[in-house]
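# Structure at a glance
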Amino acid sequence: MDNRKNRVCPVERSGSLNNRFRKWLQSPKKILSPYIEEGMAVLEVGCGPGFFTIDLAQMVGENGKVVAADLQEGMLQKLKENIKGSEIEHRIILHKCEEDKIGVSGKFDFVFLFYMVHEVPNKEAFFTELESILKDNGRIYVVEPPFHVSKKDFEETIKKANVSGLTVVERTKLFPNKAVILKKS
Ligand SMILES: C[S@@+](CC[C@H](N)C(=O)[O-])C[C@H]1O[C@@H](n2cnc3c(N)ncnc32)[C@H](O)[C@@H]1O
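Here's a quick rundown of the structure.

## Brief notes about the site of the ligand
Near the ligand you find 22 residues, and of these Arg 22, Gly 46, Asp 70, Gln 72 and Phe 114 are the closest. Interatomic distance of 2.7 Å between a backbone N/O atom of Gly 46 and a nitrogen atom of the ligand. For the ligand, a nitrogen atom lies 3.2 Å from a polar atom in the backbone of Leu 71. With the chains in place, 97% of the 600 Å² that the ligand exposes on its own is no longer accessible. Grouping the amino acids of the shell around the ligand by side-chain chemistry returns 14 nonpolar, three polar and five charged.

Here's what the structure looks like:
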């Protein structure tokens, strides 16, 4: 049995990530507006079908960009369909990750990781790569789900980020999720 496949949210479930009820419960603008400014270079890893990506692209404006990265080509295709012909289409660069490497180039002001870090097998290598592409004053926002990520697991994840050269700036209140903002140490 392929354990990796079991761990990663399947493309068939992408519909449940992109619905109106979720927009009301987890408003992307409300969650992101304290951190996003016009002109920013944003990286979203584990973008899925793009629930947050579209708002991110609106918020960075004409001079900003969003690199939307995902392990699964099927998720990127869903996002591609969702932005086709829209005015923000050109601000979003789709990127297919490898299982053990994000593989994007450039430096980023903001990295967004929503409900995805628990799916990454080697978190230390993942955070080390992110640290290397984060601008000196950049921020990484990690949000993990309430039930299948325990408090203990979340603290373990933060320890791994610390080992990779990242420190906690803020423990954000995003009840019932677990959330933290990281910066370079
Ligand atoms: C639960 S979904 C969340 C999607 C999106 N962030 C949202 O909140 O709607 C997790 C996503 O992370 C992606 N993912 C898992 N491991 C990954 C990795 N190592 N690199 C890039 N993407 C990954 C999965 O393919 C999936 O699309």
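Here the narrative resumes.
## Some remarks on helix α5 (residues 53-60)
With six of eight residues buried, α5 is to be regarded as a mostly interior element. Along α5, the positions that sit buried rather than exposed are Thr 53, Asp 55, Leu 56, Ala 57, Met 59 and Val 60. Following α5 by one or two positions, Gly 61 has its phi on the positive side, about 75°.

## Digging into helix α6 (residues 73-83)
Among the residues of α6, those classed as buried are Met 75, Leu 76, Leu 79 and Ile 83. The arc that holds the buried residues of α6, viewed along the axis, is 100°, so those residues lie on one side. Looking at the packing, one finds that the buried side of α6 touches α2 (14-17), α5, β2 (65-70) and β3 (92-96). Following α6 by one or two positions, Gly 85 adopts a phi angle in the positive range, close to 80°.

Reading guide: rules and limits
Residues numbered from 1 in each chain as written. Predicted model: local features only at pLDDT ≥ 70, side-chain atom pairs only at ≥ 80, totals over all residues. Heavy atoms only, no water. Near = heavy atom within 4 Å. Polar contact = N/O pair within 3.5 Å; in protein donor to acceptor, adjacent residues only side chain to side chain. Areas by Shrake-Rupley, 256 points an atom, 1.4 Å probe, with all protein chains shown as cover. Nonpolar A, V, L, I, M, F, W, Y, C, P; charged D, E, K, R; others polar. Buried < 20%, exposed > 50% of the residue type's maximum accessible area, 1.4 Å probe, protein only. Helix = DSSP H or I, 4+ residues; strand = E, 2+ residues; numbered from the N terminus. Arc of directions from axis to C-beta. Contact = heavy atoms within 4.5 Å.

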